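Here's the letter readout for the chains.
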Amino acid sequence: MKIPRMTLVSLATALGLFASSAHARYSTDPAAVVADPVVNLGGGQWSYQYIVTNTTVCRFDCGNTVGGIPIGQGAASIRSFSSPYFEDAGITALMAPAGWTVAITDANSFELLGAKTLVWTASVLDPIAGIALGASKAGFGYQAGFAAGKGPFSTTLGNGGVFVGDLAIPWSPMAISAGITPVPEPSSAPLLALGLAAGLIWQRRRLPRRSA
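Now for a quick tour of the structure. The residue numbering used here restarts from 1 in each chain and proceeds along that chain's sequence as written. With pLDDT at 70 or above as the cut-off, local features in this predicted model cover only qualifying residues; side-chain atom pairs require 80 or more to be listed or tallied, and sums for whole chains, interfaces and linings still use all residues. With hydrogens and water excluded, all non-hydrogen atoms of the structure serve as input to the side-chain values.

1. Some remarks on the side chain of R79
With respect to the helices and strands, R79 occurs in strand 8 (residues 78-85). Any residue under 20% of the maximum accessible area for its type is buried, any over 50% is exposed, and the rest in between are partly exposed; the area is computed with a 1.4 Å probe on protein chains only. The charge count includes Lys and Arg as positive and Asp and Glu as negative, but it does not include His or the ends of the chains. The rule for a salt bridge is simple: a side-chain nitrogen of Lys or Arg has to be within 4 Å of a carboxyl oxygen of Asp or Glu. Nearest to the buried, unbridged R79 among oppositely charged side chains is D126, at 6.1 Å. Within polar-contact distance, the side chain of R79 engages the backbone oxygen of S123 at 2.9 Å. A distance of 3.2 Å separates the side chain of R79 from the backbone oxygen of D126, its partner in a polar contact. Secondary structure is summarised from DSSP: a helix means a run of H or I of at least four residues, a strand means a run of E of at least two, and numbering begins at the N terminus for each. Polar contact criterion, stated in full: a pair of N or O atoms within 3.5 Å, where within protein one must be able to donate a hydrogen and the other to accept it, and residues adjacent in sequence count only if both atoms are side-chain atoms.

2. Section: the environment of Y26
By secondary structure assignment, the location of Y26 is in the loop between helix 1 (5-18) and strand 1 (27-29). The exposure class assigned to Y26 is buried, which follows from its relative accessible area of 4%. A distance of 3.4 Å separates a polar atom in the side chain of Y26 from a polar atom in the side chain of N159.

3. Regarding unusual backbone geometry
Despite not being glycine, A93 has its phi angle at roughly 55°, a positive value. Relative to the helices and strands, A93 resides in strand 9 (residues 92-95). Residues other than glycine seldom take positive phi values, yet E111 does so here, at roughly 55°. Among the secondary structure elements, E111 is positioned in the loop between strand 10 (100-105) and strand 11 (116-122). Exposure remark for E111: the relative accessible area of 72% places this residue in the exposed category.

4. Comments concerning the pairing of strand 11
Counting buried residues in strand 11 gives five out of seven residues, a clear majority hidden from the surface. Here, strands pair whenever DSSP counts at least two bridges between them. Where strand 8 meets strand 11, six bridges bridge the pair, whose relative direction is antiparallel. Directly across from S83, in strand 11, lies its bridge partner L118. Two elements, strand 10 and strand 11, share six bridges in a ladder whose sense is antiparallel.

5. Focus: the nonpolar core
Formed by 33 residues in total, the largest nonpolar core has its most connected members in Y48, Y50, F81, F86, W120, F140 and Y142. Elements with a contribution of two residues or more to this core: strand 2 (32-35), strand 4 (45-54), strand 8, strand 11, strand 12 (136-144), strand 13 (148-157) and strand 14 (160-170). With four residues, the single largest contributor to this core is strand 4. Buried Ala, Val, Leu, Ile, Met, Phe, Trp, Tyr and Cys residues form a nonpolar core when they are joined through side-chain atoms within 4.5 Å. Counting five residues, the second-largest nonpolar core is a separate cluster that includes C62, I71, A75 and A76.

6. Observations regarding the packing of aromatic side chains
Aromatic pairing here means that ring centres of Phe, Tyr or Trp (its six-membered ring) are within 6.5 Å. Orientation follows from the plane angle: under 30 degrees is stacked, over 60 is edge-to-face, and everything else is tilted. Under the criterion given, the structure shown has 10 aromatic pairs. Summarising the aromatic geometry, the rings of F81 and W120 are spaced 5.1 Å apart at their centres and angled 15° between planes, so their arrangement reads as stacked. Of this pair, F81 sits in strand 8 while W120 is found in strand 11, placing the two residues 39 residues apart along the sequence. No difference in accessibility class separates F81 from W120, as the two residues are buried. Ring plane angle 75° and centroid distance 5.3 Å describe the contact between F81 and F140, whose orientation is recorded as edge-to-face. Of the two residues, F81 is situated in strand 8 and F140 in strand 12; the sequence distance between them amounts to 59 residues. Considered together, F81 and F140 belong to a single accessibility category, that of buried residues.

7. Some words on the environment of I51
The residue I51 is located in strand 4 in this model. Distance in space between the C-alpha atoms of I51 and F140 is 6.9 Å, their sequence separation being 89 residues. By the convention used here, residues are in contact when the closest approach between their heavy atoms is within 4.5 Å. Beyond its immediate sequence surroundings of up to four residues, I51 is in contact with V33, V34, A35, S136, K137 and A138.

8. Observations regarding the side chain of S172
Turning to its location among the elements, S172 is positioned in the loop between strand 14 and helix 2 (173-177). The exposure class assigned to S172 is buried, which follows from its relative accessible area of 0%. Within the structure, the side chain of S172 is placed 2.7 Å from the side chain of D88, a separation counted as a polar contact. S172 has contacts with F86, D88, A89 and F146, leaving out every residue within four places of it along the chain.

Keep in mind these values describe shape, not function.
Okay, here's the thing in structure tokens:
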């Protein structure tokens, strides 16, 4: 029988909260944010670089340890980071931080039409390779043949999972069909205001001075 993902997350949280060891009781509000700068490399190629920050909030006892490892470095650290993958995106040069691996899986984790999943995972051999509470980690990335659209991402803590926000992913034809929207262009309002200000300054300089 397949157990729903949210049930597994709830079970993991409950285990952390009510573990028999006095040093394992803790509670967190899991969360993460991702910075996602995209650089046009020219020649139809774009560089995608992700910086993941663990914004999980500790409710109580996160200074305790599980298996001798501080909660913030183990059970409450981010252990994986995922985004949708579309086969026509022209993704190459996959990168992962030290102590992490990256793989493309057939699982459609985000339930998007035609999508697979791109997953970065912290090494199981290194219990503190994850992203600790309040810490950030760079080095997740790749090159792609399309400019950016906005897609979902998910992160998983050592004690469960959390789905948060969106990030830049290649806006390929398959991504468009799946409902991924383009990254909006910068608002023209600030540019218009800047242009008006420059025009006023230029006009003031051209006005003749009145004689005394």
